[in-house]
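Below are the chains, spelled out letter by letter.
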Amino acid sequence: MSRFLVILSSPSGGGKTTIAHRLMASRDDLGFSISATTRPRRTTERDGVDYHFLSIEQFEQRREAGAFLEWAEYGGHLYGTLEAEVDRVLAGGRHVVLDIEIQGAAQIRQRRSDVVSIFVLPPSAEVLVQRLTERASDDRESLARRLTQAGIELQQAELYDYVVVNDDLARAVAEVAAIIDAETHRTARQDGLVQTVDRLRSDLERRTNELTE
Ligand code: 5GP
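Just so you know, these numbers come straight off a predicted model, no measurement behind them.

Thresholds, definitions, all that
- Residues numbered from 1 in each chain as written.
- Predicted model: local features only at pLDDT ≥ 70, side-chain atom pairs only at ≥ 80, totals over all residues.
- Heavy atoms only, no water.
- Core = buried A, V, L, I, M, F, W, Y, C linked by side-chain atoms within 4.5 Å.
- Buried < 20%, exposed > 50% of the residue type's maximum accessible area, 1.4 Å probe, protein only.
- Helix = DSSP H or I, 4+ residues; strand = E, 2+ residues; numbered from the N terminus.
- Contact = heavy atoms within 4.5 Å.
- Pairing = 2+ DSSP bridges.
- Axes fitted to C-alpha atoms, helices over the stretch in contact; angles between N-to-C directions.
- Near = heavy atom within 4 Å.
- Polar contact = N/O pair within 3.5 Å; in protein donor to acceptor, adjacent residues only side chain to side chain.
- Areas by Shrake-Rupley, 256 points an atom, 1.4 Å probe, with all protein chains shown as cover.
- 1 Å grid on protein atoms, 1.4 Å probe; cavity = no way out; pocket = protein on both sides within 12 Å on 5 of 7 lines; lining within 4 Å.
- Sits in = over half its atoms within 2 Å of the grid points.

A look at the nonpolar core
Membership of the largest hydrophobic core comes to 18 residues, with the highest contact counts inside it found for L8, I19, L23, I118, V164, V176 and I180. Among the elements of the structure, β1 (5-9), α1 (16-26), β8 (115-121) and α7 (169-184) are those that each provide at least two residues to this core. For this core, the leading source of residues is α7, giving six residues. Ignoring any residue separated from it by four or fewer positions in sequence, one finds I19 in contact with L8, V120, N166, L169, A172, V173 and V176. Judged by nonpolar contacts, the second largest core, of 15 residues, contains V96, A105, V115 and F119.

A closer look at the sheet that holds strand β3 (residues 35-37)
The four strands are arranged β4-β3-β6-β5 in an open sheet whose pairing can be described as mixed. The sheet is open, and its two borders are formed by β4 (51-53) and β5 (68-74), each paired with just one other strand. Across the sheet, the mean angle from the axis of one strand to that of its neighbour is 25°, orientation sign disregarded. Sheet analysis places β3 next to strand β6 (residues 77-82), joined by two bridges and oriented antiparallel. Within β6, the position partnered with T37 by the bridge is Y79. Of the strands in this sheet, β4, β5 and β6 touch helix α3 (residues 83-91), which is tilted by about 35° from β6. Helix α4 (residues 102-111) contacts β5 and β6 of the sheet and is inclined by roughly 160° relative to β5.

Considerations on the site of the ligand
Around the ligand, the surrounding shell holds 15 residues, and the nearest of these are S35, R39, Y51, Y79 and D99. In the model, an oxygen atom of the ligand is placed 2.5 Å from a nitrogen or oxygen of the R39 side chain. The fraction of the free accessible surface of the ligand (510 Å²) that becomes covered by protein chains is 92%. Because more than half of its atoms lie within 2 Å of the grid, the ligand is assigned to the largest pocket. When residues of the shell around the ligand are traced back to their parent elements, those giving at least two are β5 and β6.

The following block contains the structure:
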């Protein structure tokens, strides 16, 4: 079965990163695409695990060398998916999970067809505001900016193949897993389907002949 790219997008605070981590921990047919970013590392993050943390110069050099499958500016920082990362995971026989924002997702959908895109919706505006307030020690102004940005991002939901509402984390993870499982069964992704069907048919023919001899 051929492997594919699983894009997870949501507004900030929508829960896609947590869903991605849970999925990665529970399945061995998935590999995470470690993005490059110019954003400063948070204390909980590890270079080369959560992100490849680059300087602006390093990022621009790679961009000019054509190393990115997509890239975007978000919240004043640059983010990009390295083509080599995607190839590394695919070469290992695993589907590639990409935790990326909407502009990058649009670029990948344009460039590749082996993509399944999933938009994670918050259950309500109240929950999103609550999650953002808990997470960041932002002042009112930057919270308002994040909420405006969330509104813009939500408008893109309809461009995705699937939508999952993250009201219950375990259920949302199970729903994304179910989407991945269903997508692995797509006819077009079955290598050697014609040969399998041919073999079944010729075996059936032989059995039929035995019965009628
Ligand atoms: P954060 O700084 O909170 O880790 O991520 C900010 C946003 O950038 C999130 O929406 C995240 O999904 C997105 N992001 C992370 N990596 C990439 C990437 O490689 N490309 C794009 N386009 N967005 C990314």
